[in-house]
Amino acid sequence: MKNLSKVLLALSVASVSAGVLAGENESITVHFNGAVTQPTCAFTSPDQSVNLQAVKASELEKLNIGQASETNSKDFQLQLNCVSKAEAEHISITLAAETEGDNNIIKNTASENGVGLELFDEQNQLLALNRELPQSSYLDRLNQGSDNLNFRVKYARLADNVSGGEVAGDAVFTVNYK
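Residues numbered from 1 in each chain as written. Predicted model: local features only at pLDDT ≥ 70, side-chain atom pairs only at ≥ 80, totals over all residues. Heavy atoms only, no water.

Colleague: In this structure, what is going on with the overall build of the chain? I would like to understand it.
Modeller: When helices and strands are tallied, the chain shows two helices and seven strands. Overall, the chain shows an N-to-C arrangement of helices and strands of α-β-α-β-β-β-β-β-β. Here the chain, with 178 residues, has 28% of them falling under the buried criterion. Considering only residue pairs separated by 6 or more positions, the chain has 83% of its internal contacts joining residues 24 or more positions apart. (Helix = DSSP H or I, 4+ residues; strand = E, 2+ residues; numbered from the N terminus. Buried < 20%, exposed > 50% of the residue type's maximum accessible area, 1.4 Å probe, protein only. Contact = heavy atoms within 4.5 Å.)

Colleague: Can you walk me through the state of the cysteines in this structure?
Modeller: Each disulfide consists of one covalent bond between the sulfur atoms belonging to two cysteines. Tallied over the full model, the rule gives one disulfide. Between the sulfur atoms of C41 and its disulfide mate C82 the distance is 2.1 Å. Around the S-S axis, the bridge from C41 to C82 shows a dihedral of about 110° and counts as right-handed. Of this pair, C41 sits in strand 1 (residues 41-43) while C82 is found in strand 2 (residues 74-82), placing the two residues 41 residues apart along the sequence. (Disulfide = S-S within 2.5 Å.)

Colleague: Explain the nonpolar core to me, please; I cannot follow it from the model alone.
Modeller: As a rule of thumb, soluble globular proteins bury nonpolar side chains together. By size, the foremost hydrophobic cluster in this structure holds 30 residues, and its most contacted members are I93, L119, L133, L142, L149, F151 and F173. If you list the elements that add at least two residues to this core, you get strand 2, strand 3 (91-97), strand 4 (115-121), strand 6 (145-157) and strand 7 (171-177). Contact partners of I93, with chain neighbours within four places excluded, come to R131, E132, L133, Y138, L142, L149, F173, T174, V175 and N176. Formed by five residues, the second largest nonpolar core is a distinct cluster that contains A68, I105, A156 and L158. (Core = buried A, V, L, I, M, F, W, Y, C linked by side-chain atoms within 4.5 Å.)

Colleague: Help me understand a nonpolar patch on the surface, please; the structure alone is not making it clear to me.
Modeller: A surface patch of nonpolar side chains, amounting to about 400 Å² of accessible area, comprises I28, V30 and F32. Here F32 shows up in the loop between helix 1 (2-24) and strand 1. (Patch = residues over 30% accessible without salt bridge, like charges linked within 9 Å, V, L, I, M, F, W, Y side chains within 5 Å. Areas by Shrake-Rupley, 256 points an atom, 1.4 Å probe, with all protein chains shown as cover. Salt bridge = Lys/Arg side-chain N within 4 Å of Asp/Glu carboxyl O.)

Colleague: Honestly, the pattern of salt bridges in this entry has me stumped. Any pointers?
Modeller: Here the idea is simple: oppositely charged side chains can pair when their charged atoms come close. Taken as a whole and judged by the stated rule, the model has four salt bridges. Measuring nitrogen to oxygen at the nearest pair gives 3.8 Å for the salt bridge that ties E70 to R152. Residue E70 is located in the loop between helix 2 (57-61) and strand 2, and its partner R152 is located in strand 6; the two are separated by 82 residues in the primary sequence. A salt bridge links R152 to D75, with the shortest nitrogen-to-oxygen separation between them at 2.6 Å. Highlighted residues: R152 in strand 6 and D75 in strand 2, separated in sequence by 77 residues. Here the salt bridges share partners, and the residues they tie into one network are E70, D75, R152 and K154.

Colleague: Explanation requested: the environment of K85 in the structure shown.
Modeller: One can find K85 in the loop between strand 2 and strand 3. Given the relative accessible area of 46%, K85 is considered partly exposed. Considering only alpha carbons, one finds K85 and D140, 55 residues apart in sequence, at a separation of 8.9 Å.

Colleague: Can you help me understand the pairing of strand 3 in this one?
Modeller: Looking along a regular strand, one sees the side chains alternate between the two faces of the sheet. For strand 3, a buried count of five out of seven residues is recorded, marking the element as mostly surrounded by other parts of the structure. With seven bridges joining them, strand 3 and strand 7 adopt antiparallel strand pairing. For A97, the partnering residue across the bridge sits in strand 7 and is A171. Strand direction decides the pairing type here: strand 3 and strand 5 (residues 131-132), joined by two bridges, are antiparallel. Counted as the bridge partner of L95 is R131 from strand 5. (Pairing = 2+ DSSP bridges.)

Any link to function would need more than the numbers given here.
What follows is the structure, given as structure tokens:
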């Protein structure tokens, strides 16, 4: 009987201990932490005003509608700083501007004189408005650190009638992450 009591006592202690252990571990929470990285680039140059020299109306009248003039075109730069080298699958730059009609000419917001503006990359390729810029225009330069993107603005004939007057327009460049 003494052995039976010892066995019963051992079993009751084991069942109480198992119950306590089970009660302490009914559920646990596992917290996971990580990060997603992408090359981040930010414009370091402030908003700009690019001032073009005046062009004669007669110079623009020689052009076809939609054609840009080399006369008094103006180069400008956008400065970016990238944390790391940008890769094609992670980044794009869009160019947005108000247009006149179905073309790539920035609308003249200063007057209706038949003249607008067109933008070109440094290889003198016309840039499409309201879309992503071709990555060939900038991707190879977006390395870690400060980088310059070079562009050119040109006067463009917008209509049959060209007359004197002010020419102004805005373009917005935006860095996008994919």
